[in-house]
Amino acid sequence: MDHLLRRKNRSNDAENGLQEKDYDSKTKALPRLPRLTRQNAKSYAVALVLCLVLCFVLLNAARMFLFRNLLGSGSQTYQNYELRFVNKSTAMRQMDRNMMITANHRINLREHEKFMTRLMTVLDREISHCNYTRGNALNLCCLFRKNNVMRCFPSLIGIGAQKSGSTVLFARMMVDSRIHQGDKKEHHFFDFDDRWVFGAGMYLRSFPGLNQQQIYEGIAAEYTPSYILPRMAMRRMRNLLPHSRLLMVVRDPVDRAWSEIQMKLRNDEALVAYTRTLMADQDISSCFVKGNATRFDKVFKACVPKNLQKSPRAFGFQIRATRFFRNTTRVNDCIDQLKLSDMPGETWTHCMITPPKDMIALEDDEHDIVQDLYRERTQLANCFKTQQRLCHGMANRKPSDISTDYLYRGLYAYHIEECWRWFPKEQLLVIENEEVKSEPDKVMQKMLRHAGLPPVDAGNDEDAWKEFRKHYPGFEDSTGWKHSKPMPDIPAKVREFLVYFYEKPGQRLEELIGRKFPHWQKPQRLE
Ligand SMILES: Nc1ncnc2c1ncn2[C@@H]1O[C@H](COP(=O)(O)OS(=O)(=O)O)[C@@H](OP(=O)(O)O)[C@H]1O
């Protein structure tokens, strides 16, 4: 039996390729395989690791060879880099922290390569590679896989100051066919954290696709007057676009502040009107009251008709309403006090648009404005005393949720110094608002030269506004910006406060940039 069994096994072994010599001569059993001892397991592991390291080195060498010799642009020094996709927000934060590259125009190749590699980590799969191109100006452009479109980061960026004539200057740029704007005037990419973390690819996507000639002859540009405010924005810009040319318009800070106050009042008035329209509709207001307060955006979408959702005020309204709903104690107090709960619309309107004590009044009169300014001055003084470099957004926010840095925004010297910490001085052009008014052509020529473009006739204001309104039809409404509305005179008390506040900062600016502003309002002229 045993014999038969062994024969059967042998015939199976023969099928498996085993032969007579493989059997132990005494026991006729198959020899045991060498046992996996600790010693030879170690050798196998070492060999495996060596193999892996070798493969990695070879692959990397092949990759470098490919990119340097086949895809790279040879003696041009600029290299194309393979796209690596990593968690974008982490990469953007790393870029904030670590990445510094030389900002003069003689690019250090090693630094440049590091820069490009890091740049790729903050872009996305849609972008195949980026390059600096040297035409009239130095443009950083990237190729999008989809449709092979080439887009360029802005090489000219307006960084300040708000209410100083940035819009008219930007409108003037639009008339020049070599300056390519994105889908909006103010991108707020570097100063809004929630946009920055979306990544540079998103920013780039909002600029138009350009052909080789357009890239060679022109530039992309944008103007966000609040880039100058938070330190973060300057640092981020320096990290991503170290060669960009910057532009800042300064205006008598007293007039600038008054212009900002007026803009915010216009915004608030429009917001109140919008709230009243919604609340006058019983269906909408009772729908709000029944809705889930923690996700007001969803309630808003469910309750408000589409045409009203599209209003430029809808965003400000939602921000304010969300805060209103979160603050349930106040809402309940308010409703209790009014005993109007059988009229939800009226109650809601009243409780929402009547400001609580800790919020700035909606209908500011002269007294309220001065109070706001005093409060901001105290906050700024505390902030500067504690040596913080970031005092932006210290003041309370207006109901429309635009920060009210009336005083802070006019501290031009402080902002310019901050900008110079990150960019070489010659990359920032400072223009005065009066020049924009009185010598617009001269200003345009200066600006074009600064951007690296040969000066040409820059058209006139009328054409510029026409072009601007055609491209950005909702701008004036959505921002509270009014080009032609006459401004009320600045009340005496407000003027006095501002003139005294800006006396020293004004002198500081004159010393810093070596230029006089004789027509700016000074205390001597008040007497
Ligand atoms: N041609 C010209 N030259 C100089 N200044 C001009 C010009 N046209 C408009 N303005 C005035 O600029 C003020 C608005 O500034 P901004 O466009 O920077 O405002 S914003 O930051 O975009 O909201 C705003 O100031 P106020 O009227 O005092 O509010 C505009 O009147």
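Going by the structure above, here's the rest.
What counts as what
Residues numbered from 1 in each chain as written. Predicted model: local features only at pLDDT ≥ 70, side-chain atom pairs only at ≥ 80, totals over all residues. Pairing = 2+ DSSP bridges. Helix = DSSP H or I, 4+ residues; strand = E, 2+ residues; numbered from the N terminus. Axes fitted to C-alpha atoms, helices over the stretch in contact; angles between N-to-C directions. Parallel < 35°, antiparallel > 145°, perpendicular 65-115°, else oblique. Left-handed = near helix turned anticlockwise from the far one by under 90°. Contact = placed C-beta atoms within 7 Å. Nonpolar A, V, L, I, M, F, W, Y, C, P; charged D, E, K, R; others polar. Near = placed C-beta within 6 Å. Buried ≥ 20, exposed ≤ 12 C-beta atoms within 10 Å, placed from the backbone.

Things to note about the sheet that holds strand S1 (residues 127-134)
Argument step 1. The three strands lie next to each other as S1-S2-S3, forming an open sheet whose pairing is antiparallel. Only two strands of the sheet have a single partner each, and these edge strands are S1 and strand S3 (149-152). Averaged over all pairs of adjacent strands, the angle between their axes in this sheet comes to 30°, without regard to strand direction.

Observations concerning the packing of helix H10 (residues 253-280) against helix H23 (residues 492-501)
Argument step 1. It is at 9 Å that the axes of H10 and H23 come closest, and there the two elements cross at 130°. In terms of orientation, H10 and H23 fall into the oblique class. In terms of crossing hand, the pair formed by H10 and H23 is right-handed. Counting all contacts with H10, which are made through Val-254, Ala-257 and Trp-258, the residues of H23 involved are Val-494, Arg-495, Leu-498 and Val-499.
Argument step 2. Looking at the contact of H10 with H23 residue by residue, the classes come out as six nonpolar, no polar and one charged.

Quick notes on the site of the ligand
Argument step 1. Among the 18 residues in the neighbourhood of the ligand, the closest are listed as Gln-162, Gly-165, Ser-166, Thr-167 and Ser-259.
Argument step 2. Of all the secondary structure elements, the ones that give two or more residues to the shell around the ligand are helix H5 (166-175), H10 and helix H19 (433-438).
Argument step 3. The residue inventory of the shell around the ligand, partitioned by class, reads five nonpolar, ten polar and three charged.

Notes on unusual backbone geometry
Argument step 1. The amide bond that connects Gly-160 to the next residue, Ala-161, takes the cis arrangement and shows omega of -15°.
Argument step 2. Along the chain, Ala-161 falls in the loop between strand S4 (154-160) and H5.
Argument step 3. Here Lys-163, not a glycine, exhibits a phi torsion of approximately 60°, which is positive.

Examining H5
Argument step 1. Within H5, eight of the ten residues are buried, which leaves it mostly tucked inside the rest of the structure.
Argument step 2. Residues of H5 that are buried include every one of Ser-166, Thr-167, Leu-169, Phe-170, Ala-171, Arg-172, Met-173 and Met-174, and no others.

These figures come from the coordinates and say nothing about function on their own.
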